[in-house]
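Chains, contacts and geometry: an overview
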Amino acid sequence: MTAHLTGRSRIVGVMGDPVAHSLSPVMQNAALQKAAIDAVYVPFHVTAADLEAAIDAIRRLDLVGVNLTIPHKETALAFVDLVEDAAQLGGSINTIVNRNGRLTGYNTDGPGLLRALQQEFGWEAKGQRVLLLGAGGACRAAVVALGRAGADWIGIANRTGERAAQLAAALEPLLPQTTFAPFRLDAGLAQRLPGKVDLLINTTSVGLQQESFDLPVEQTVRPDGAVYDMVYGRQPTELVQMARRLGLQATDGLSMLAAQGELAFRLWFEQAPPAGLMKRMLMKVRSDR
Ligand code: ATR
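Keep in mind the model is a prediction, meaning the values are calculated, not measured. (Residues numbered from 1 in each chain as written. Predicted model: local features only at pLDDT ≥ 70, side-chain atom pairs only at ≥ 80, totals over all residues. Heavy atoms only, no water.)

**Observations concerning the overall build of the protein**
Note the threshold: By definition, any uninterrupted DSSP run of H or I lasting at least four residues is a helix, any uninterrupted run of E lasting at least two residues is a strand, and each is numbered from the N terminus. In this treatment the radius of gyration is a C-alpha quantity, and the globule benchmark scales as 2.2 Å times the residue count to the 0.38 power. Relative accessibility decides the category of a residue: with a 1.4 Å probe and only protein chains considered, values under 20% of the type maximum give buried, values over 50% give exposed, and everything between is partly exposed. Two residues form a contact once any of their heavy atoms are found within 4.5 Å. With residues, only the protein chains shown are counted as cover, and all accessible areas are computed by Shrake-Rupley using a 1.4 Å probe. Working convention for charge: Lys and Arg count positive, Asp and Glu count negative, and His plus the chain ends are omitted. In this description, the location of a charge corresponds to atom NZ of lysine, CZ of arginine, CG of aspartate or CD of glutamate.
A tally of regular secondary structure across the protein gives 10 helices and 12 strands. Here the protein has a C-alpha radius of gyration of 19 Å; the compact-globule value for 289 residues is 19 Å, and the two agree. Taken across its 289 residues, the protein has 52% of its residues classed as buried. For the protein, contacts bridging at least 24 residues in sequence account for 70% of all contacts bridging at least 6. Surface accessibility of the protein: about 13100 Å² in total, with carbon and sulfur atoms responsible for 51%. Positive and negative side-chain charges of the protein, numbering 28 and 28 respectively, have mean locations separated by a distance of 4 Å.

Pasting the structure below:
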């Protein structure tokens, strides 16, 4: 990589704590190189205490911008100059763009999810019924994107039922075309649903260690429906495997990781990244691990 750097090289990167696990440098640098852009994407290990100063350094060092990962997506909002609408609704940003010292925050996770659903399943949100598992930041960003894209009904099921109720109550008035329903995520959930859903999305970390949900997928998702798991790892998650055994379309979070990265690349460099390259790089890294 160094061989390609020049006096004019620009810097873009990812701020997180931890950050060493991030797959973004691999896919973003591959795209930069292929697109012949004189820039490099680097990991920045930034603690919560240093976040404000690190974001200010984007201006002072004239970085192109950054991605933000755990635990900065929510707190970073306070340290940028402008926040794009959907990111404001979602309460988190994963991308900062530096335009002449003025920093704008975006969230490409939600739009990245929609893009991944389109690419993987040919799925469009309009008029659909979706059940999300979880109620954290990842869930919130997904709900905002699905609601803005016209989903008809959104169920939010969380282990701590109270968090699901709070999230539904906070978003319902902001997304008036969508009906919201909060649930406690337990073995009886399928019985309490008002009918099967078109799409089930896992936004929790369950599955990272090959754990599974106590959730009867066949009683939850329509036979022609789909399952999207934001978790990804070396093997398909238990949830994805279970869904596939039932003949449902199902895939894991690698496609969303690639899609959110492609959208961030577009924001920074105002051009499309090489088609499909980020996803191919991620699949290669996964198989090498
Ligand atoms: P993120 O911002 O990535 O969404 P988060 O805010 O920490 O992260 O939320 C994690 C989500 O995963 C929560 O919905 C959490 O459920 P609780 O609100 O009940 O804690 C969910 N989660 C984590 N571990 C879980 C488990 N073992 N079973 C079910 N849900 C789990």
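**As for the nonpolar core**
Short version of the rule: Residue types Ala, Val, Leu, Ile, Met, Phe, Trp, Tyr and Cys, when buried and joined through side-chain atoms within 4.5 Å, form a set referred to as a nonpolar core.
Core analysis: the biggest nonpolar cluster contains 31 residues, and Leu 132, Val 143, Leu 146, Ile 156, Leu 199, Ile 201 and Tyr 228 have the highest contact counts within it. Only helix H3 (85-90), helix H4 (109-121), strand E7 (129-133), helix H5 (137-148), strand E8 (153-158), helix H6 (161-171), strand E10 (197-202) and strand E11 (221-229) provide two or more residues apiece to this core. Counting residues per element, this core draws most heavily on H5, which supplies 5 residues. Excluding residues that lie within four positions of it along the chain, Leu 132 makes contacts with Cys 139, Ala 142, Val 143, Leu 146, Ile 154, Gly 155, Ile 156, Ala 157, Ile 201 and Thr 203. Counting residues in each nonpolar core, the second largest holds 25 residues, with Val 12, Val 14, Tyr 41 and Leu 254 among its members.

**As for helix H8 (residues 238-245)**
Convention followed: Picture the helix axis, draw a direction to every C-beta atom, and the arc is the one those directions span.
Among the residues making up H8, those that are buried are Leu 239, Val 240, Met 242 and Ala 243. Axial view of H8: buried residues confined to an arc of 165°, hence all on one face. Just downstream of H8, Gly 247 is the residue with a positive phi angle, here 85°.

**Remarks on the environment of Met 278**
Here Met 278 lies in helix H10 (residues 277-288). Setting aside residues up to four positions removed in sequence, Met 278 forms contacts with Met 27, Gln 28, Ala 31, Ala 258, Gly 261, Glu 262, Phe 265 and Pro 273.

**What about the sheet that holds strand E9 (residues 179-184)?**
Rules: Strand pairing is assigned whenever DSSP identifies at least 2 bridges connecting the two strands. Throughout, an axis means a line fitted to C-alpha atoms (over the contacting stretch in the case of helices), and angles, computed between N-to-C directions, take values from 0 to 180 degrees.
The strand order across the open sheet formed by 6 strands is E9-E8-E7-E10-E11-E12, and the pairing between neighbours is parallel. Where the open sheet ends on each side, the last strands, each with one partner, are E9 and strand E12 (249-252). Geometrically, the sheet is characterised by an average inter-axis angle of 15° between neighbouring strands, direction not taken into account. With 5 bridges joining them, E10 and E11 adopt parallel strand pairing. Within the sheet, the bridge partner assigned to Asn 202 lies in E11 and is Asp 229. Here H8 sits on the sheet in contact with E10, E11 and E12, set at roughly 165° to E12.

**Structural notes on the sheet that holds strand E3 (residues 65-68)**
Strand order in this open sheet of 6 strands is E2-E1-E3-E5-E6-E4, and the pairing throughout is mixed. Two strands lie at the open edges of the sheet, namely strand E2 (39-45) and strand E4 (82-83), each paired on one side alone. Of the pairings in the sheet, the one linking strand E5 (residues 95-99) to strand E6 (residues 102-106) comprises 5 bridges and is antiparallel in character. Along E6, the bridge assignment pairs Val 97 with Thr 104.

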